[in-house]
Amino acid sequence: MNNIIKSALCAAFVPFVLAGCGGGDDGGGTQTGTLHVAMTDAPSCGFDHVYVTVSQVRVNANANAADNDAGWSTVSLATPQKIDLLSLTNGVLADLGQTALPAGQYQQVRLVLAQNQGNNLANSVVPTGGVEQALATPSATQSGYKIIQPFTVQPNTLVDLVLDFNACKSIVQRGNGSYALKPVVTAIPTVVSGAISGYVASAEAGATVYAEQGGKVVRGTVADSSGKFVLSPLIQSSTQGNYDVVIVQNNFASGIVRSVPVVVNTTTAVSASTAPITLPASTMSTVSGTVTASANAFVRALQTVDANAYEITSINANMDTGAYSLSVPAAAPIVGTYSGSLPVALAAAPAAAGQYTIEADAASGATQSANVNATTSQSNVNFGF
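Being a predicted model, the structure only gives us computed values, none of them experimental.

Scanning the protein from terminus to terminus reveals three helices and 29 strands. Expected size for 385 residues packed as a compact globule is a radius of gyration near 21 Å; at 21 Å, the protein falls within 12% of this value. Per-residue burial over the protein gives 52% buried out of 385 residues. Distance between charge centroids for the protein: 3 Å, based on 13 positive and 20 negative side chains.

As structure tokens, this is what we get:
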């Protein structure tokens, strides 16, 4: 995180970042640093708003520490903060606060949410074009959502920890139409992070943009009204490799920019406002079916280009009925490889047109998949666990 951003965070807490703006010692030799926590979000599927209310963040040096074990430190909010996760795109952060911690390595983070109280909805969703509905959070109001992510607090230094709350993967619909939260949250120390930015054509404003590795989404955002997108924070490439940028918009073919590097405190551009990525038009197909409801499965549509798979869209299967439905472009994706200069040359991959692998990932860790030709809509793509 650059000094300007860090100063801004320290001056006016940005929601959901964990960082430190100072430190020292206690006069007895114990060195301390400061942890500052903030939150960001990946795109959500089919919602205008996703609200969660955060009451506190807890951290522990022991990855296996239970709720009542020793060693917990708490970032307490003066009052619980109700945050619309869908407003936290393109690098926008919600600040949760900060606390001094003994210097050392920490392993576990707990995100604790407030409870819904009758008609007072602390946690809720607004489906696209619909009305606000309660979002059930059965465990978050008790011990908090558990996140295992090692990070180090150095003496007399500031540590920023961003909690990436993936709303799309975290919301599950029930058979009666209500919603429950099955959280997918990761923690990213910004001391080893950078960003990827770019532009899509104005006609594709609102497109979903993912940073992926090995066919799995690491970060996501939504292109703004000018077509600009920012994927941040992302762990530096020297730690875990380069990223593939995948662009998805309804009624357009997907765009894929492969092997984009991320350098600490640097933003890598994959396109410019003067030469945005322009996606070809495409009809959309629906792939639908059921998964054994008790599997609590997450269903993904993957498209393979040159033996590499890219996630195009995903959804949680209905937790009561197991039903799912995915909308995918029928046209060939446009694909190119980042080379350090702009514009990146993108060309259609005809062999991939309409060809998808539908993957169902059960909560148990079991996985099943089926290949489909989605040049036309496909139904009864079912999975049994």
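What follows deals with the pattern of salt bridges. As enumerated under the stated definition, the model contains eight salt bridges in all. Here E359 and R300 are joined by a salt bridge, their closest N and O atoms 2.9 Å apart. Of this pair, E359 sits in strand β28 (residues 355-361) while R300 sits in strand β23 (residues 298-305), placing them 59 residues apart in sequence. Across the pair, R300 and E359 agree in class, each one buried. Here D361 ties to R300 by a salt bridge, and the two come within 3.6 Å at their closest N and O atoms. Note that D361 is positioned in strand β28 and R300 in strand β23, a separation of 61 residues in sequence. Take D361 and R300: they sit in the same class, and that class is buried. One salt-bridge network, in which partners are shared between bridges, spans K169, R300, E311, E359 and D361.

This part takes up the side chain of S314. Considering the arrangement of structural elements, one finds S314 in strand β24 (residues 308-316). Here the side chain of S314 touches E311 through a polar contact of 3.2 Å, side chain to side chain. Setting aside residues no more than four positions away along its own chain, S314 makes contact with C45, C168, K169, F298, V299, R300 and L326.

Looking at chain direction, β28 and strand β29 (residues 367-373) are connected through seven bridges and run antiparallel. Each residue of the ladder has a partner; that of Y356, found in β29, is V372. Where β28 folds back onto β29 in an antiparallel hairpin, the turn is made up of five residues, including G365, whose phi is positive at roughly 105 degrees.

Moving on to the nonpolar core. Counting 37 residues, the largest nonpolar core has L111, F151 and L163 as its most contacted members. The contact partners of F151, leaving out residues within four places of it in the chain, are L35, V59, G104, Q105, Y106, V109, V159, L161 and P189. Counting residues in hydrophobic clusters, the runner-up holds 29 residues, among them Y310, Y324, V372 and F383.

Within the secondary structure, T313 is located in strand β24. A residue is classified by how much of its surface remains accessible, and T313, at 16% relative accessible area, is buried. Not counting the four nearest positions on each side in its chain, T313 is found in contact with V299, R300, A301, L326, S327 and V328.

Below, the discussion takes up unusual backbone geometry. For the bond from S232 to P233, the omega torsion is -5 degrees, close enough to zero to count as cis. In this structure, P343 follows L342 across a cis peptide bond, with omega equal to -5 degrees. Backbone geometry places N251, a non-glycine residue, at a positive phi of 75 degrees. Looking at the element boundaries, N251 is found in the loop between β19 (243-248) and β20 (255-260). A positive phi is found at N380, a non-glycine position, where the angle reads about 60 degrees.

Moving on, we get to the sheet that holds β29. Spatially, four strands are ordered β24-β23-β28-β29 in an open sheet, and the strand pairing comes out antiparallel. Looking at strand neighbours, the two that pair on one side only are β24 and β29, the edges of this open sheet. Across the sheet, the axes of successive neighbouring strands diverge by a mean angle of 25 degrees, strand direction being ignored. With five bridges joining them, β23 and β28 adopt antiparallel strand pairing. Each residue of the ladder has a partner; that of R300, found in β28, is E359.

The subject of this paragraph is the confidence of the model for the protein. Across the protein, the average pLDDT comes to 89, with 92% of residues at 70 or higher. pLDDT under 50 marks residues 1-27. Its contacts with residues more than four places away, or in other chains, come to 105 contacts.

Counted according to the given criterion, the structure contains three aromatic pairs. Relative to Y179, the ring of F47 has its centre 5.3 Å away and its plane inclined at 75 degrees; by these criteria the two rings are edge-to-face. Here the residue F47 occupies a position in strand β4 (residues 47-60), and Y179 occupies one in strand β13 (residues 179-181), the gap between them amounting to 132 residues. For the pair shown, F47 and Y179 are each scored as buried. Between Y324 and F383 the ring centres are 6.5 Å apart and the planes differ by 35 degrees, which places this aromatic pair in the tilted class. Taken as a pair, Y324 in strand β25 (residues 323-329) and F383 in the segment after β29 lie far apart in primary sequence, 59 residues in all.

Criteria and thresholds
Residues numbered from 1 in each chain as written. Predicted model: local features only at pLDDT ≥ 70, side-chain atom pairs only at ≥ 80, totals over all residues. Heavy atoms only, no water. Helix = DSSP H or I, 4+ residues; strand = E, 2+ residues; numbered from the N terminus. Rg over C-alpha atoms; globule rule 2.2 N^0.38 Å. Buried < 20%, exposed > 50% of the residue type's maximum accessible area, 1.4 Å probe, protein only. Lys, Arg positive; Asp, Glu negative; His and termini not counted. Charge placed at Lys NZ, Arg CZ, Asp CG, Glu CD. Salt bridge = Lys/Arg side-chain N within 4 Å of Asp/Glu carboxyl O. Polar contact = N/O pair within 3.5 Å; in protein donor to acceptor, adjacent residues only side chain to side chain. Contact = heavy atoms within 4.5 Å. Pairing = 2+ DSSP bridges. Core = buried A, V, L, I, M, F, W, Y, C linked by side-chain atoms within 4.5 Å. Axes fitted to C-alpha atoms, helices over the stretch in contact; angles between N-to-C directions. pLDDT = per-residue confidence, 0-100. Phe/Tyr/Trp six-rings, centres within 6.5 Å; stacked < 30°, edge-to-face > 60°.

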